[in-house]
Amino acid sequence: MSRQLPARPSPWKGRAVHTGRILLFCLAILLIHWQHSRLHSTSGDATATAVELETARTLFPAAARLGEPASERGQEVFDDDGEPLGTLLQTSPDADHIVGFSGPTNVLIGVDPEGRITGLHVLSSGDTKDHVRQVLDDEAFMHSFDGLTREEASRRTDIDAVSGATLTSLAMAESVLHRLGGAQPSLRFPEPIGVDPARRLFEQAAEVVPPDATGGLWTVRDAAGQTLGTLVRLSPAADNIVGYQGPTDGILGFNPEGKAVGLVVGRTYDNEPYIDYVREEEYFLNLFNDRTLAELAQLDPFEEQIEGVSGATMTSMAVVDGLVAAAREAERIRSLPEPDEPPLIDLRPRDAGTAAMVLGGVLIGFTRLRGIRWIRTLWLLLVIAWLGFINGDMVSQAMLVGWARSGVPWRTAAGLVLLSAAAILVPMTTRTNLYCSHLCPHGAVQQLIRPRKRRWHLSPRVTRVLSLIPGLLLVWVMVVAMGHLPFSLVDIEPFDAYVFRIAGWATITVAVVGLIASAFVPMAYCRYGCPTGALLDWLRLNARSDRLTWRDGLAAALVGGALLVVMSG
């Protein structure tokens, strides 16, 4: 009689349960993102944040009244006499895809009538409060754009990050650059050039495409998309050139060979009967034909004895002066070098250092080097120094929720993204929790102070109760994330304590208490207090991955509750 061998557990069962955990984790991220997007759009943030008059006065002290907000051209600011002081621009929603440590920041930009920046003001931020406070306290950074024109600011590449809040400050600066890029509508003549005036110069005109930069050439195309010519617009270069009683807008057309084909006089703040004389004088409107843009930029009306239109001399000569000013500005824009395309990944020294640490962690964690005591000790000290105190690159719930809401900052935080990817993907596939054991600064400190002789032994009952804490914290994280509660998730973990320049008392307290406990109970914080470690350990592939646990039930309940919240909204 042959002996029946015991049945082996099916590998598919283990993989199915483990795969289910991964799917639950991915679904949780998607639900957080969907809920954030829904609340973000319904709260009105998708257009612009309402700016209070007191806030406007931080950038324009003489502000007495605000105009209607407009997402593209901004919101005008007026003094007591009704004279425009400048414009307020918000980086949101245009730059909401630019994420700092854990979220985007809406920065208010003041621009005076001459197009120069008067200052920056943070309206709101999805980033951690400690990082944002550090940026706000840095006067040099907050005033780094002051006095620059919109174009000069948009081309800056030498902005210094704020120490201790590098990712947050770089994201803010990039948001400002993104918002300032492109053409700025005139305050006096905000409407774009329409097809009708373009058809007076190009009969087949079907589309007028604005330039990339203020003062550049507008492109005229026919119905088939073929370029018919270009236009130079007098505004905004002519906005401060006054004829009889105000400035005048207009367009000058150029054929594909670069020769002027005619002038169309547009809206004006001048006296209407006078401007009508100019609009009807064919000789004057064709006076600049066959000249190139470069020739018009060098034009001296006095030397060429250009005379104005009879009965509207001041008005017509203001049009001439405005045309020359616009030609000079367009010629200047054309002579500028093309801005470099931003790299897909902006690998800074700090990111390269973090990437090197990830590779080092992999080398030590998957080779016999981890068993050599002196190498491991040096490595732990390096992790504490570089990833902790120098870079502040650590995986946390605040960061994960922020990225789930607003997206992953691939370009501006490449090192941290790589570290996070290693922290999540390695335990999913290799059974090794690489981050907690080899790359977490707080875990490294606990390993170095691990007790031997003074070790406390906790009773099984106390151990079971303490083991519930990380799971309960993860429940709180999900509640905060789905409910958009005004609570900083940084405060429930100790990681910001290593960036001591910005650390708040809550995170410092968690760090100190956790380390004191770890001096008597081995890895006390990691075992009984860390929600991030609990999450990574739950995702880890191990010998018992085929078994359902209470943690799986908790995760399913949390995701199910989040799904109901999204569906009910």
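Residues numbered from 1 in each chain as written. Predicted model: local features only at pLDDT ≥ 70, side-chain atom pairs only at ≥ 80, totals over all residues. Heavy atoms only, no water.

A.B. asks: Would you mind going over the overall build of the chain with me for this structure?
C.D. replies: When its secondary structure is counted, the chain shows 22 helices and 10 strands. Relative to a compact globule of 569 residues, whose C-alpha radius of gyration would be 25 Å, the chain shows 31 Å and is clearly more extended. Each principal axis of the C-alpha distribution contributes one length, and for the chain these read about 115 × 60 × 50 Å. Split by element, the accessible area of the chain, about 28,600 Å² in all, is 58% carbon and sulfur. (Helix = DSSP H or I, 4+ residues; strand = E, 2+ residues; numbered from the N terminus. Rg over C-alpha atoms; globule rule 2.2 N^0.38 Å. Areas by Shrake-Rupley, 256 points an atom, 1.4 Å probe, with all protein chains shown as cover.)

A.B. asks: Can you help me understand the nonpolar core in this one?
C.D. replies: Across soluble globular proteins, nonpolar side chains have a tendency to be buried as a group. Ranked by size, the top nonpolar core spans 44 residues in total, and within it L416 and Y435 carry the most contacts. Broken down by element, this core gets its largest block of residues, 8 residues, from helix α15 (residues 414-430). What Y435 contacts, discounting residues up to four positions off in sequence, is M394, V395, L419, A423, C440, P441 and L536. Judged by nonpolar contacts, the second largest core, of 28 residues, contains V232, A260, I306 and V320. (Core = buried A, V, L, I, M, F, W, Y, C linked by side-chain atoms within 4.5 Å. Buried < 20%, exposed > 50% of the residue type's maximum accessible area, 1.4 Å probe, protein only. Contact = heavy atoms within 4.5 Å.)

A.B. asks: Whenever I open this one, unusual backbone geometry confuses me. Can you help?
C.D. replies: Leaving glycine aside, a negative phi is the common case for residues, and trans is the common case for peptide bonds. Omega for the bond connecting S92 with P93 falls within 30 degrees of zero, at 5 degrees, which places this linkage in the cis form. Here P93 lies in the loop between β3 (84-90) and β4 (105-111). Put simply, S235 and P236 share a cis peptide bond, and its omega is 10 degrees. Tracing the backbone through its elements, the reader meets P236 in the loop between β8 (227-233) and β9 (248-254). Phi at Q305 takes a positive value of approximately 55 degrees, unusual for a residue other than glycine. Mapping Q305 onto the fold places it in the loop between α10 (293-297) and α11 (313-335). Backbone geometry places R431, a non-glycine residue, at a positive phi of 70 degrees. With respect to the element layout, R431 can be found in the loop between α15 and α16 (434-439).

A.B. asks: How should I be thinking about the packing of aromatic side chains in this particular structure?
C.D. replies: Any aromatic ring pair is given by two values, namely how distant the centres are and how the planes are angled relative to each other. Inspection of every chain in the model, using the stated rule, returns 5 aromatic pairs. Taken together, a centroid distance of 4.6 Å and an interplanar angle of 25 degrees make the contact between W456 and F520 stacked. One end of the pair, W456, is in the loop between α17 (441-448) and α18 (460-483); the other, F520, is in the loop between α19 (505-518) and α20 (524-528), and 64 residues separate them in sequence. Judged by relative accessible area, which is 27%, F520 ranks as partly exposed. The residue whose ring lies beneath R65 is F78, and the NZ or CZ to ring-centre distance is 4.3 Å. (Phe/Tyr/Trp six-rings, centres within 6.5 Å; stacked < 30°, edge-to-face > 60°. Lys NZ or Arg CZ within 6 Å of the ring centre and 35° of its normal.)

A.B. asks: Explanation requested: the sheet that holds β8 in the structure shown.
C.D. replies: Strand pairing within a sheet occurs via backbone hydrogen bonds; the two strands may be parallel or antiparallel. Strands sit in the order β6-β7-β8-β9-β10 across an open sheet of 5 strands; the sheet is antiparallel. Edge positions in the sheet fall to β6 (207-209) and β10 (260-268), since each of these pairs with one other strand and no more. Adjacent strand axes in the sheet meet at a mean angle of 25 degrees when their direction is disregarded. Where strand β7 (residues 218-221) lies against β8, 4 bridges are found, and the strand directions are antiparallel. (Pairing = 2+ DSSP bridges. Axes fitted to C-alpha atoms, helices over the stretch in contact; angles between N-to-C directions.)

A.B. asks: Help me understand the packing of helix α14 (residues 397-406) against α15 in this model?
C.D. replies: For any two helices packed against each other, one specifies the crossing angle of their axes together with the interaxial distance. The interhelical angle for the contact between α14 and α15, taken along N-to-C directions, is 105 degrees, at an axis separation of 13 Å. Of the possible angle classes, the one that applies to α14 and α15 is roughly perpendicular. On the side of α14, the interface is formed by M399, L400 and W403, while α15 contributes L416, V417, S420 and I424. Tallied by class, the residues present in the contact of α14 with α15 amount to 6 nonpolar, 1 polar and no charged. (Parallel < 35°, antiparallel > 145°, perpendicular 65-115°, else oblique. Nonpolar A, V, L, I, M, F, W, Y, C, P; charged D, E, K, R; others polar.)

A.B. asks: Explain a nonpolar patch on the surface here, please?
C.D. replies: A surface patch of nonpolar side chains, about 490 Å² in accessible area, is lined by I372, W374, L378, L381 and L448. You can see I372 is positioned in the loop between α12 (349-365) and α13 (373-390). Residue class for I372 comes out partly exposed when judged on its relative accessible area of 33%. (Patch = residues over 30% accessible without salt bridge, like charges linked within 9 Å, V, L, I, M, F, W, Y side chains within 5 Å. Salt bridge = Lys/Arg side-chain N within 4 Å of Asp/Glu carboxyl O.)

A.B. asks: Explain the pairing of β10 to me, please; I cannot follow it from the model alone.
C.D. replies: If a strand is regular, its side chains alternate between the two faces of the sheet. The sheet contact formed by β9 and β10 spans 6 bridges and is antiparallel. Residue pairing across strands places L252 opposite L263, the latter belonging to β10. From the end of β9 to the start of β10, which pair antiparallel, there are 5 residues, and G258 there has a positive phi angle of about 85 degrees.

A.B. asks: Even after reading the chapter, I still don't get empty space enclosed by the protein, so can you show me in this structure?
C.D. replies: Unfilled space is identified by rolling a water-sized probe across the atoms. A full pass over the atoms with the stated rule returns 3 cavities of 30 Å³ or more. Within this model, the largest cavity holds a volume of roughly 80 Å³. Together, F101, G392, M394, S396, A398, L489, V490, E493, F495 and D496 line the largest cavity. Residues of the lining of the largest cavity, tallied by class, amount to 6 nonpolar, 2 polar and 2 charged. (1 Å grid on protein atoms, 1.4 Å probe; cavity = no way out; pocket = protein on both sides within 12 Å on 5 of 7 lines; lining within 4 Å. Points joined across faces, edges and corners; volume = space filled by probe spheres on them.)

A.B. asks: Explain α13 here, please?
C.D. replies: An α-helix turns once per 3.6 residues; consequently, residues spaced three or four apart project the same way. Given a rise of 1.5 Å per residue, 18 residues ought to cover 26 Å, and the 24 Å separating the end C-alpha atoms of α13 matches this to within 8%. For α13, the complete set of buried residues consists of I375, R376, W379, L380, V383, I384, L387 and G388. In the segment just after α13, G392 is the residue with positive phi, at about 70 degrees. (Expected span 1.5 Å × (residues − 1).)

A.B. asks: What is the right way to read the sheet that holds β3 from this model?
C.D. replies: Taken together, the 5 strands give an open sheet; going across it, the order is β1-β2-β3-β4-β5, and neighbouring strands pair in antiparallel fashion. Two strands bound the open sheet, and with one partner strand each, they are β1 (65-66) and β5 (117-125). Of the strand pairs in this sheet, β1 and strand β2 (residues 75-78) are connected by 2 bridges, and their pairing is antiparallel. When the bridges of β2 are listed, R65 appears paired with F78.

A.B. asks: Explain the pattern of salt bridges to me, please; I cannot follow it from the model alone.
C.D. replies: In the structure shown here, the tally under the stated rule is 16 salt bridges. A salt bridge links D491 to K129, with the shortest nitrogen-to-oxygen separation between them at 3.3 Å. Here D491, found in the loop between α18 and α19, pairs with K129, found in helix α3 (residues 129-136); they are 362 residues apart in sequence, far enough to count as distant. Take K129: its relative accessible area is 45%, and that puts it in the partly exposed class. Residue R199 pairs with D196 through a salt bridge whose shortest N-O separation is 3.8 Å. With R199 and D196 both in helix α7 (residues 195-199), this residue pair falls 3 residues apart, about one helical turn.

A.B. asks: Where do I start with the confidence of the model for the chain in this structure?
C.D. replies: Low-confidence regions, as indicated by low pLDDT, have predicted coordinates that should not be scrutinised in detail. Per-residue pLDDT for the chain has a mean of 87; in total, 92% of the residues score no lower than 70. In the model, residues 43-47 has pLDDT below 50 throughout and makes 8 contacts with residues more than four positions away in sequence or in other chains. (pLDDT = per-residue confidence, 0-100.)

A.B. asks: So what exactly am I meant to see when it comes to the pairing of β5 here?
C.D. replies: In this sheet, β5 lies alongside β4 in antiparallel orientation, the contact comprising 7 bridges. Counted as the bridge partner of T105 is S125 from β5. In this structure, the hairpin formed by β4 and β5 is closed by a connection of 5 residues, where G115 is found at a positive phi of approximately 85 degrees.

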